[in-house]
Amino acid sequence: MSRPSPVPINAQAEHVRLLDVQLLSNDWYVLRKVTFELQRRDGQWQRLSREAYDRGNGATLLLFNPRRGTVVLTRQFRLPAFLNGCADGHLLEACAGLLDGDDPETCIRREAEEETGYRIRAPRKVFEAYMSPGSVTEKLHFFVADYEAADRVQEGGGLAHEGEDIEVVEMALSEALAGIRAGTVEDGKTIMLLQHVALEALQGGH
């Protein structure tokens, strides 16, 4: 996986004046300190300084079998979650990855096969979202795709040389939704996709 291309720092808008950009880190990803002036709603200009973490944009996908009412998730260790109270650091998630120079659909097809072993036939993009806009530049592209057992062409599990050790977990959609309420499903992108599929089903989308 290559480093992401940093978002442009010459973004322009009438209500924002960029004054200074300092590169704080360019190790794993890119961390900048940005000093700027923002025009408030009352017309006054206010000088502010914020840090922005740029890890590139990404894509995420929920595998859903509407006939059986099941979903495929992954379980893997997440250091930040572990440092912030997740007991064993392992989170149940929809598969996801950085675009890494690809378009979102190409990215999610690649990531789904690497992580879950499933070859995706027809991913449907459902929305885009900034996941932590107060500090992280990343925008995620959200997809849903139907799957059958025959679509699994390999074991999955991720790439060991990238530090991935991913368990593939199939469960009932109802169980995953109950996990949100019980606190066993805590990943934001996964919660959004599970609730989207549940709402779509209620509206007759499947």
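### Observations concerning the overall build of the protein chain
Thinking step 1. Helix and strand content of the protein chain: four helices and ten strands.
Thinking step 2. Burial statistics for the protein chain: of 206 residues in total, 38% are counted as buried.
Thinking step 3. For the protein chain, the share of sequence-separated contacts (at least 6 apart) that also reach a separation of at least 24 residues comes to 57%.
Thinking step 4. With 23 positive and 32 negative side-chain charges, the protein chain shows a spacing of 5 Å between the two charge centroids.

### So, the packing of aromatic side chains
Where two aromatic rings form a pair, the distance of their centres and the angle of their planes describe that pair.
Thinking step 1. If you walk through the whole model with that rule in mind, you get five aromatic pairs.
Thinking step 2. Ring centres of Trp28 and Tyr29 lie 5.7 Å apart, and the angle between their planes is 70°; this geometry places the pair in the edge-to-face category.
Thinking step 3. Here Trp28 falls in the exposed class, since its relative accessible area comes to 59%.
Thinking step 4. Relative accessible area serves as the criterion here: at 8%, Tyr29 is assigned to the buried category.
Thinking step 5. Ring plane angle 50° and centroid distance 5.6 Å describe the contact between Phe77 and Phe82, whose orientation is recorded as tilted.
Thinking step 6. Ring-pair connections join several aromatic residues into one group, and the members of that group are Trp28, Tyr29 and Tyr53.

### What about the packing of helix α3 (residues 173–182) against helix α4 (residues 188–202)?
Thinking step 1. Contact geometry for α3 and α4: axes closest at 10 Å, N-to-C directions at 130°. Considering the angle they form, α3 stands oblique to α4. Relative to α4, the crossing made by α3 is left-handed. Between α3, through Leu173, Ala176, Leu177 and Ile180, and α4, the contact on the second element is made entirely by Ile191, Leu194, Gln195, Val197 and Ala198.

### Some points on the pattern of salt bridges
Thinking step 1. Evaluated as defined, the whole model comprises 16 salt bridges.
Thinking step 2. With a closest N to O distance of 3.0 Å, Glu37 and Arg17 form a salt bridge. One end of the pair, Glu37, is in strand β2 (residues 30–39); the other, Arg17, is in strand β1 (residues 16–26), and 20 residues separate them in sequence.
Thinking step 3. With its nearest N and O atoms 3.1 Å apart, the salt bridge here joins Arg109 to Glu105. Remark: Glu105 and Arg109 occur in helix α2 (residues 104–116); sequence separation between them is four residues, near one turn of the helix.
Thinking step 4. Shared partners join several salt bridges into a network, and the residues in it are Arg78, Glu93, Asp187 and Lys189.

What counts, and where the lines are drawn
Residues numbered from 1 in each chain as written. Predicted model: local features only at pLDDT ≥ 70, side-chain atom pairs only at ≥ 80, totals over all residues. Heavy atoms only, no water. Helix = DSSP H or I, 4+ residues; strand = E, 2+ residues; numbered from the N terminus. Buried < 20%, exposed > 50% of the residue type's maximum accessible area, 1.4 Å probe, protein only. Contact = heavy atoms within 4.5 Å. Lys, Arg positive; Asp, Glu negative; His and termini not counted. Charge placed at Lys NZ, Arg CZ, Asp CG, Glu CD. Phe/Tyr/Trp six-rings, centres within 6.5 Å; stacked < 30°, edge-to-face > 60°. Axes fitted to C-alpha atoms, helices over the stretch in contact; angles between N-to-C directions. Parallel < 35°, antiparallel > 145°, perpendicular 65-115°, else oblique. Left-handed = near helix turned anticlockwise from the far one by under 90°. Salt bridge = Lys/Arg side-chain N within 4 Å of Asp/Glu carboxyl O.

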